Amino acid sequence: MLSQLEVLRSLIDRGLLETGSVVESGVTIADVSRRNRNFRVVVNRGPAYFIKQASGLEDASLLAHEDEVYRLLAVDAGADGKVHYLPRSFGLDAKTGLFVLELLTGAEDIREHQSKCGRFSQSLARVAGKALANLHGKNTVTKQRMSGASAVTTAPWILSLASPSFRVLREISHGNIELVKALQKAPAAGSILSDLHTRWKHGYFVHGDIKWDNCMVIPKPGSQGRWEIKLVDWETAGLGDPCWDLGSMFGNYLSCWLFSIPYTDKESVSQSVNLARYPLERIQPAIRSLWQAYRTEMALDAQTSNEWLVKSTRFSAARLIQTAYEAMVHSPNFTVNIANLVQLSLNILRRPLEAAVHLLGIPPDVASSPESISDPITSSH
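Residues numbered from 1 in each chain as written. Predicted model: local features only at pLDDT ≥ 70, side-chain atom pairs only at ≥ 80, totals over all residues. Heavy atoms only, no water.

Undergrad: How would you sum up the sheet that holds strand β1 (residues 27-31)? Please name residues and give values.
TA: If you walk across this open sheet you meet the five strands as β1-β2-β3-β5-β4, and the pairing is antiparallel. Because the sheet does not close on itself, it has two edges, and the strands there are β1 and β4 (89-93). The average undirected angle you get between the axes of adjacent strands in this sheet is 15°. Judged from the five bridges that link them, strand β3 (residues 48-53) and strand β5 (residues 98-102) form a sheet pairing that is antiparallel. If you follow F50 over to β5, its bridge partner there is L101. Contacts between helix α3 (residues 57-73) and the sheet are confined to β3, β4 and β5, with β4 contributing the most and set at about 145° to the helix. (Pairing = 2+ DSSP bridges. Helix = DSSP H or I, 4+ residues; strand = E, 2+ residues; numbered from the N terminus. Axes fitted to C-alpha atoms, helices over the stretch in contact; angles between N-to-C directions. Contact = heavy atoms within 4.5 Å.)

Here it is as structure tokens:
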């Protein structure tokens, strides 16, 4: 692993920093490590970079893949040389193993932004919807331009949780064993998840790990009160199912609502829901705006729109189950919040169209009646 001084020297060697500006203006290097070792490098009145350094062979492979994704998506840059949903990449240095990106100065993720604003912005949701549509529908990435196994994403592991291997069962927490049991006991839940796994598509370029933490909000240059969204952490990106990205975004909104409900022994579940810090009716207009912007930008016809809405809604349930799993990695038991999150997820899996209308606030396309909407998973059970 490189020290901070070695990181600085590498940036100078690559021509990304000038020795004179560093000496004259001063530089700040902050260690902001998570799974990888990460640095923020800021020159006073100068350039700023976000740097990733892999901590092992597996992470190095993921970092190399992320570098490839940035290079492929850069082919679709506009006249200004930018991909508007993507930070600028300065590439991976094979010698040092440092992956250098522009530092998004003044950025905050969607969760932080909405918490600070105290509301769920419809205009920001529309920006997010357009960003996903541009990724899924406007880029020209193809299997021929991607190399080997990195071209295709596998279906998310959470879709197989109802049928875990013995190795998984040996390693997971007691709380997550209870989650597996809940999925296995719920009518049709395991088979629906399995069918989602079987029907996983590979025809679109997807991010694969869409969550609010990976959606950075920055002020739009030259405007006041308008925002851009940059998508970060592309380690799992590839050719996959666009409904997973959409469902993941829906799931973030739903989990924000669910975790704001103050469950107590004194109130019933319905009474507790009415005490939510973030009531669902305040969130639904943003969810609806995101979907409408996405559908319009992708130019989906009525039938495709409704099919994708149903599938994305089911994927939102899978993403909520993943949220529950991650929350209980070190937990022996369900909390009330987790138990209700899992139950809601199971309800969404079985009745996705009702969930789209009543939970997400998204009605079916007006060109189709609810009875005419195709749901191949439900019809097979």
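Undergrad: Hey, could you go over the state of the cysteines for me, with residue numbers and the actual values?
TA: Scanning the entire structure with this criterion turns up zero disulfides. A disulfide-free cysteine, C215 has its sulfur positioned 14 Å from the sulfur of C256, the nearest such atom. Under the relative-accessibility criterion, C215 is labelled buried at 0%. Among the cysteines around C256, which has no disulfide bond, C117 carries the closest sulfur, lying 13 Å off. (Disulfide = S-S within 2.5 Å. Buried < 20%, exposed > 50% of the residue type's maximum accessible area, 1.4 Å probe, protein only.)

Undergrad: For the environment of R40, give the residues involved together with the corresponding values.
TA: The residue R40 is located in strand β2 (residues 37-43) in this model. C-alpha separation for the pair R40 and V100, spaced 60 residues apart in sequence, amounts to 10.0 Å. Ignoring sequence-local partners within four residues, the contact set of R40 consists of T28, I29, A30, V32, Y49, F50 and L103.

Undergrad: Which residues make up the pattern of salt bridges, and what values go with them?
TA: Throughout the structure, instances matching the rule amount to 13 salt bridges. With its nearest N and O atoms 3.9 Å apart, the salt bridge here joins R111 to D213. Of this pair, R111 sits in helix α4 (residues 110-117) while D213 sits in the loop between β7 (204-206) and β8 (215-219), placing them 102 residues apart in sequence. For D213, a relative accessible area of 29% translates into the label partly exposed. The closest approach of N and O atoms between D209 and R319, which form a salt bridge, is 3.1 Å. (Salt bridge = Lys/Arg side-chain N within 4 Å of Asp/Glu carboxyl O.)

Undergrad: Tell me about the nonpolar core, and name the residues and values.
TA: By size, the foremost hydrophobic cluster in this structure holds 92 residues, and its most contacted members are Y85, W234, Y253, W257, W291, Y294 and L349. Residue contributions to this core peak at 10 residues, all from helix α9 (residues 242-258). Sequence-distant contacts of Y294, defined by excluding residues within four places in its chain, comprise G129, L132, A133, H136, P242, L246, L300 and W308. Membership of the second largest hydrophobic core comes to 15 residues, among which are V7, L8, V22 and I51. (Core = buried A, V, L, I, M, F, W, Y, C linked by side-chain atoms within 4.5 Å.)

Undergrad: Residue-level account of the sheet that holds strand β9 (residues 227-231), with values.
TA: Overall, antiparallel pairing links the three strands, which are arranged β6-β8-β9 in an open sheet. In this open sheet, the two strands that pair with only one neighbour each are β6 (108-109) and β9. Bridge analysis of β6 against β8 gives two bridges, and the strand direction is antiparallel. Along β8, the bridge assignment pairs E108 with V217.

Undergrad: Describe the side chain of Q284, listing the residues and the values that go with them.
TA: Within the secondary structure layout, Q284 lies in helix α11 (residues 280-298). Reaching out from Q284, the side chain makes a polar contact with the backbone oxygen of H358 at a distance of 3.0 Å. Leave out the neighbours within four places in its chain, and Q284 touches H358, L359, L360 and G361. (Polar contact = N/O pair within 3.5 Å; in protein donor to acceptor, adjacent residues only side chain to side chain.)

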